[in-house]
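# Report on the structure
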Amino acid sequence: MLYALDLVGVTVFAASGALAAMAANLDLLGILVLAAVTAIGGGTIRDLLLGRHPVFWIQDPSPLFVIVGAAFVTVACAQLLPVPRQALLIADALGLALFAVTGAQVAEDKGCSPLVVILMGTLTGSGGGVVRDVLTAQIPLLLRAEIYATAAIAGIVIYLMLRVVRVPSPIAMILGFVVVATTRLAAVAFDLRLPVLGLPE
Amino acid sequence: MLYALDLVGVTVFAASGALAAMAANLDLLGILVLAAVTAIGGGTIRDLLLGRHPVFWIQDPSPLFVIVGAAFVTVACAQLLPVPRQALLIADALGLALFAVTGAQVAEDKGCSPLVVILMGTLTGSGGGVVRDVLTAQIPLLLRAEIYATAAIAGIVIYLMLRVVRVPSPIAMILGFVVVATTRLAAVAFDLRLPVLGLPE
Amino acid sequence: MLYALDLVGVTVFAASGALAAMAANLDLLGILVLAAVTAIGGGTIRDLLLGRHPVFWIQDPSPLFVIVGAAFVTVACAQLLPVPRQALLIADALGLALFAVTGAQVAEDKGCSPLVVILMGTLTGSGGGVVRDVLTAQIPLLLRAEIYATAAIAGIVIYLMLRVVRVPSPIAMILGFVVVATTRLAAVAFDLRLPVLGLPE
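Reading guide: rules and limits
- Residues numbered from 1 in each chain as written.
- Chains lettered and ligands numbered in written order.
- Predicted model: local features only at pLDDT ≥ 70, side-chain atom pairs only at ≥ 80, totals over all residues.
- Heavy atoms only, no water.
- UniProt positions renumbered as here; feature names shortened; annotations may be inferred.
- Least-squares fit on C-alpha atoms with pLDDT ≥ 70 in both.
- Contact = heavy atoms within 4.5 Å.
- Salt bridge = Lys/Arg side-chain N within 4 Å of Asp/Glu carboxyl O.
- Helix = DSSP H or I, 4+ residues; strand = E, 2+ residues; numbered from the N terminus.
- Buried area = accessible area lost by both parts, 1.4 Å probe.
- Polar contact = N/O pair within 3.5 Å; in protein donor to acceptor, adjacent residues only side chain to side chain.
- Nonpolar A, V, L, I, M, F, W, Y, C, P; charged D, E, K, R; others polar.
- 1 Å grid on protein atoms, 1.4 Å probe; cavity = no way out; pocket = protein on both sides within 12 Å on 5 of 7 lines; lining within 4 Å.
- Points joined across faces, edges and corners; volume = space filled by probe spheres on them.
- Buried < 20%, exposed > 50% of the residue type's maximum accessible area, 1.4 Å probe, protein only.

Per an unreviewed UniProt entry, chain A carries the name Membrane protein and comes from Neoroseomonas lacus. Quoted verbatim from the Subcellular location (unreviewed entry) field of UniProt, the annotation for chain A is "Cell membrane". Heading Sequence similarities (unreviewed entry) of the UniProt record for chain A holds this comment: "Belongs to the UPF0126 family."

Next comes the structure, spelled out in structure tokens:
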């Protein structure tokens, strides 16, 4: 199940990378490359930090085929249909939710303490989007968007709480995913935001 | 002692990350995330390059608690007191100095050659600040600021020279730290700079 | 031979980093640091992803000496002679070509599947340039330039096809290098571009 969630996460992040690449007017192979690094970014960060060699997409290249397919489908759709203004935010929100819980599960499975699970899940979920945004010279959604890190952390906390009361991992992951995705999509839809604690001048 | 210096470095870099996050008007969890990646950035780069698994903050999550505490203290202080314009530069200078010498000591301890020790210490010391600056879409202080890499390299060279004449590692680290911190703080205070060798047109 | 190609790649990428640093008006040690991270960037990414510890420049510091030398020669030349406007693009193209084929060969040698070899070679070849561009707050050439990823992928595909028909690895690498370098230099010289598939509005 972890594997299936990872593949769906790769798919939606590849779509978000392809959308960002088209918005930046990249050529076809630039679209493929940006889709690929966005999709593998989070899982690669997770594997590097936990010392898992070789990284997941070298061990099993299936995600790469999924990425190429997802990028082509996204590009084709964009040529044939009008693309909603928020398509990238929606794809990114789903990818964030998927990778946040799978990243958290991997860290939890390794016996990491709760604070590490939260940080690892947040890094895995947001890593791909950060790579995509930095490569297109934008401030990452992770830091710019309303209720982004908050959504990831909320879902991972729910996941951990459910695991404490012995809820089986697959169910806890699905519920955590729902929390992250709902929170983030609600923030996108209703423009929610937390108070900003800026410097007083 | 290496451990204590690492924790102090984590503290000051977390403070610099929190200050940068507030200057960029991020919400509370964005502040926490930026503080965290700034604080763990240098040591994580060091551990990845040297193949130390798992990275230090997964092995022992104490730094994460320190980060959360430092971020909260920084945010609270910023609400209650005027923040000096140079607070971030000072926090970053102290973190640079601390991690430059601890990163150099780790590389030296592994038997690396002097040029590798210098580069490893510079990467460890400046890595967190680079992550912080790239995520907030700024040219990294490492490359923009006057006498930044120079300060790090000067301190590491002093550390290596002291070690050659058998000065014990803790004393050499403290003296190296003093050289990096003093050089960088002097550059901040007196706006020192090296000649620039730009392209002639 | 792989070692020689790697050293030449390190040389030209160090030159491109030094040129970018001078264009950004960095001081002498900033030039050295940017030259270093550009030159080691691609190979470091390759080693981290494949789990090779310690990374190549820690194992054998010869590349670091080459980097310092190349940076000094580049800076000296720039003071004495007019620097062609396209010097950075040419140095980057040669480095891309060299590291794309050496990165592909390392992945092929490890038994990776073709799609992984293509992605690994592209990441190794473009990684240094991406680090250089991100640190100087520019959209990476990888994504901005005409026929950049395309050139790398074309050369790696040629390399793989030659290997399928049992052409010895050194010959296949040289031919792959020629394809990448010629494609990219032609794109620089004649301003070639692929069609852009932007979003329709």
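The structure having been displayed, the exposition proceeds.
### Points about the relation of the copies chain C and chain A
Rotating chain C by 120° about the axis while translating it 0.0 Å along that axis superimposes it on chain A, leaving an RMSD of 0.0 Å. Taken together, the rotation and translation relating the two chain copies correspond to the operation of a three-fold axis. Interface overlap between copies: only 10% of the residues of chain C at the interface are likewise at the interface in chain A, consistent with a contact formed by different surfaces.

### Topic: the interface of chain C and chain A
Opposite the 29 residues of chain C that make contact, chain A presents 33 residues. Remark: the boundary between chain C and chain A carries zero salt bridges. For the side of chain C that touches chain A, the leading source of residues is helix α6 (residues 114-135) of chain C, giving seven residues.

### Observations regarding the interface of chain B and chain A
Chain B puts 33 residues into the contact, and the matching count from chain A is 31 residues. Summed over both sides, the interface between chain B and chain A buries roughly 2600 Å², with carbon and sulfur atoms accounting for 79% of that surface. Among the residues chain B hides against chain A, the three largest losses belong to B:Asp27, B:Leu29 and B:Leu135. Together they make up 21% of the total. Counting across the interface, chain B meets chain A through zero salt bridges. Where chain B packs against chain A, one counts zero residue pairs in polar contact (both at pLDDT 80 or more). The element best represented in the side of chain B that touches chain A is helix α2 (residues 28-50) of chain B, accounting for eleven residues. The residue makeup of the side of chain B that touches chain A, split by class, is 26 nonpolar, six polar and one charged.

### Re empty space enclosed by the protein
Considering all chains together, one arrives at two cavities of 30 Å³ or more under this definition. Put simply, the largest cavity is a space of about 1800 Å³. A:Ile45, A:Val131, B:Ile45, B:Val131 and C:Val131 are, among the 48 residues lining the largest cavity, the residues nearest its centre. Only α2 (28-50) and α6 (114-135) of chain A, α2 and α6 (114-135) of chain B together with α2 (28-50) and α6 of chain C provide two or more residues apiece to the lining of the largest cavity. Residues belonging to the lining of the largest cavity are distributed by class as follows: 36 nonpolar, twelve polar and no charged. Space inside the second largest cavity adds up to approximately 40 Å³. Counting residues per element, the ones that place at least two in the lining of the second largest cavity are α7 (141-144) and α8 (149-164) of chain A. A breakdown of the residues in the lining of the second largest cavity according to their chemical character gives six nonpolar, two polar and one charged.

### Considerations on the pattern of salt bridges
Enumeration according to the criterion identifies 18 salt bridges over all chains in this entry. As a salt-bridge pair, B:Arg46 and B:Asp47 come within 3.2 Å of each other at their nearest N and O atoms. The exposure class assigned to B:Arg46 is buried, which follows from its relative accessible area of 2%. Residue classification places B:Asp47 among the buried positions, given a relative accessible area of 1%. Each of A:Asp6, A:Arg46, A:Asp47 and A:Arg52 takes part in salt bridges that share partners, so that together they form one network.

### Brief notes about the UniProt feature "domain: Glycine transporter" (unreviewed entry) in chain A
Residues and elements named next belong to chain A. The feature "domain: Glycine transporter" (unreviewed entry), as given by UniProt, occupies residues 4-78 and 90-162 in the numbering adopted here. Strand forms 0% of residues 4-78 and helix 85%; the C-alpha atoms that close the span are 26 Å apart. From the first C-alpha to the last, residues 90-162 spans 26 Å; its make-up is 82% helix and 0% strand.

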